[in-house]
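# Working through the structure, step by step
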Amino acid sequence: MTVLSNAVTRPEHPGRESNARPQVEPNEFLTAVFHTLPNKAQPMLLSVAQDAPQSAWEGWALNPRGVLQLDPQENCYFSIASIRPTGSRYRRRLENAEAVHAIVLDDIGSKVDADRIPLEPSWIVETSPDNCQYGYILRDPIATQEAKRLLNALAASGWTDAGAKSAVHWMRLPFGQNCKPPVIEEWGEPFPVALHHWSPERLYSPHELAQGFRLDLPPDQMENTPQGATKADQMDVCGTHEALCEAAKNIVTDAARRTHDDPTLGRHSEIVRMAH
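The notes below deal with the structure included here. (Residues numbered from 1 in each chain as written. Predicted model: local features only at pLDDT ≥ 70, side-chain atom pairs only at ≥ 80, totals over all residues. Heavy atoms only, no water.)

This part takes up the overall build of the chain. Across its full length, the chain carries seven helices and twelve strands. The proportion of buried residues among the 276 residues of the chain is 46%. Taking as baseline every contact in the chain between residues at least 6 positions apart, the subset at least 24 positions apart corresponds to 68%. On the chain, roughly 14000 Å² of surface is accessible, and the fraction owed to carbon and sulfur atoms is 49%. (Helix = DSSP H or I, 4+ residues; strand = E, 2+ residues; numbered from the N terminus. Buried < 20%, exposed > 50% of the residue type's maximum accessible area, 1.4 Å probe, protein only. Contact = heavy atoms within 4.5 Å. Areas by Shrake-Rupley, 256 points an atom, 1.4 Å probe, with all protein chains shown as cover.)

This is how it looks when you write it as structure tokens:
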């Protein structure tokens, strides 16, 4: 675990060109955040003008041409979750989320004091004047329910804006502009989104984030059952018989969905292990 140090600095004039600022292409950024992708799941991207109709905010799945569709003059976003297809379409819906790959704190600077942040983030993006998003790349992708518990706890403890708790939330890419009217009114023009800190080697587990941000979360809510664990091990991780039953139900539900999409992706062995 790494405590945020004074080495993380920001330009004197946020949003303006700076040779000291990291230069990262969108594809490099997305490859680092989504370093491990579940089968068939893809990151979701969005490039949209502020006055675009609601239908334009759906976004699209990353593909060989996906990044090329990003317009540097528009609002550019990515979802923190990878999304599995429904039929031939990728839709950014919680029920379609396969895993969450990063935890992002929103409105650092305007609503949360940056000096309070105890852990060095994987990236810092300034999204509007003196207002940033701090991203923490997860060492291993986590389930949406686990991400929701962590995000809810972070918001409840005042570490992030309460409006950024969704496990499929759109977050700013280090690319494009903030074209929201209040930002233009303050800045005089669309604000160029700026990457101020880039440490993709900084990877975190949910437990490390919960510990670093001093969240009141039981350890069993922050770690998945290890693959191949015995029933006794699983009981120790889950903590209670009810939690074990809930874990089994989640596996069964996931197994049904997986085998519906692809019969080769069943999870029968896990269910059998939990029964003996």
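Here the narrative resumes.
Moving on, we get to the side chain of Ser47. Its location among the elements puts Ser47 in strand S1 (residues 44–48). Reaching out from Ser47, the side chain makes a polar contact with the backbone nitrogen of Asp71 at a distance of 2.9 Å. Those residues within four positions of Ser47 in sequence are excluded, and the remaining contacts are Trp60, Gln69, Leu70, Asp71, Glu74, Asn75 and Cys76. (Polar contact = N/O pair within 3.5 Å; in protein donor to acceptor, adjacent residues only side chain to side chain.)

Let us look at the sheet that holds strand S3 (residues 75–79). Read across the sheet, four strands follow the order S2-S1-S3-S8 without closing on themselves; strand pairing throughout is antiparallel. On the outer flanks of this sheet lie strand S2 (60–61) and strand S8 (170–172), each paired with one strand and no other. As judged from the three bridges shared by S3 and S8, these two strands associate in the antiparallel manner. Within the sheet, the bridge partner assigned to Tyr77 lies in S8 and is Arg172. (Pairing = 2+ DSSP bridges.)

Before going further, it helps to spend a moment on the environment of Ser110. Counting through the fold element by element, Ser110 comes out in the loop between strand S5 (97–108) and strand S6 (123–128). When neighbours within four sequence positions are excluded, Ser110 is seen to be in contact with Asp130 and Asn131. Engagement of the side chain of Ser110 in a polar contact is seen with the side chain of Asn131, the distance being 2.5 Å.

A separate point is the packing of aromatic side chains. Summed over all chains, the structure comprises eleven aromatic pairs. Between Phe29 and Trp123, the ring centres sit 5.0 Å apart and the planes meet at 80°, which makes this aromatic pair edge-to-face. On the criterion of sequence distance, the pair formed by Phe29 in helix H1 (residues 26–33) and Trp123 in strand S6 is long-range, its members being 94 residues apart. The pair formed by Phe29 and Trp123 is uniform in burial state, with each residue classed as buried. Between Tyr136 and Tyr204 the ring centres are 5.4 Å apart and the planes differ by 70°, which places this aromatic pair in the edge-to-face class. Of this pair, Tyr136 sits in strand S7 (residues 131–142) while Tyr204 sits in strand S12 (residues 203–204), and the two are 68 residues apart along the sequence. Residue Tyr204 is classed as buried on the basis of its relative accessible area of 2%. Positioned above the aromatic ring of Trp159 is the side chain of Arg116, whose terminal nitrogen or guanidinium carbon lies 4.3 Å from the ring centre. (Phe/Tyr/Trp six-rings, centres within 6.5 Å; stacked < 30°, edge-to-face > 60°. Lys NZ or Arg CZ within 6 Å of the ring centre and 35° of its normal.)

This part is about the nonpolar core. Across soluble globular proteins, you tend to see nonpolar side chains buried next to one another. Membership of the largest hydrophobic core comes to 61 residues, with the highest contact counts inside it found for Phe78, Trp123 and Phe213. Examining the composition of this core, we find that seven residues originate from one element, S5, more than from any other. (Core = buried A, V, L, I, M, F, W, Y, C linked by side-chain atoms within 4.5 Å.)

Right, let's get into the pattern of salt bridges. Tallied over the full model, the rule gives six salt bridges. Residue Arg202 pairs with Glu120 through a salt bridge whose shortest N-O separation is 3.3 Å. A residue pair is termed long-range when its members are at least 10 positions apart, and Arg202 in the loop between strand S11 (194–198) and S12 and Glu120 in the loop between S5 and S6 qualify at 82 residues. Via salt bridges that share partners, Asp107, Lys111 and Asp161 belong to a single interconnected network. (Salt bridge = Lys/Arg side-chain N within 4 Å of Asp/Glu carboxyl O.)

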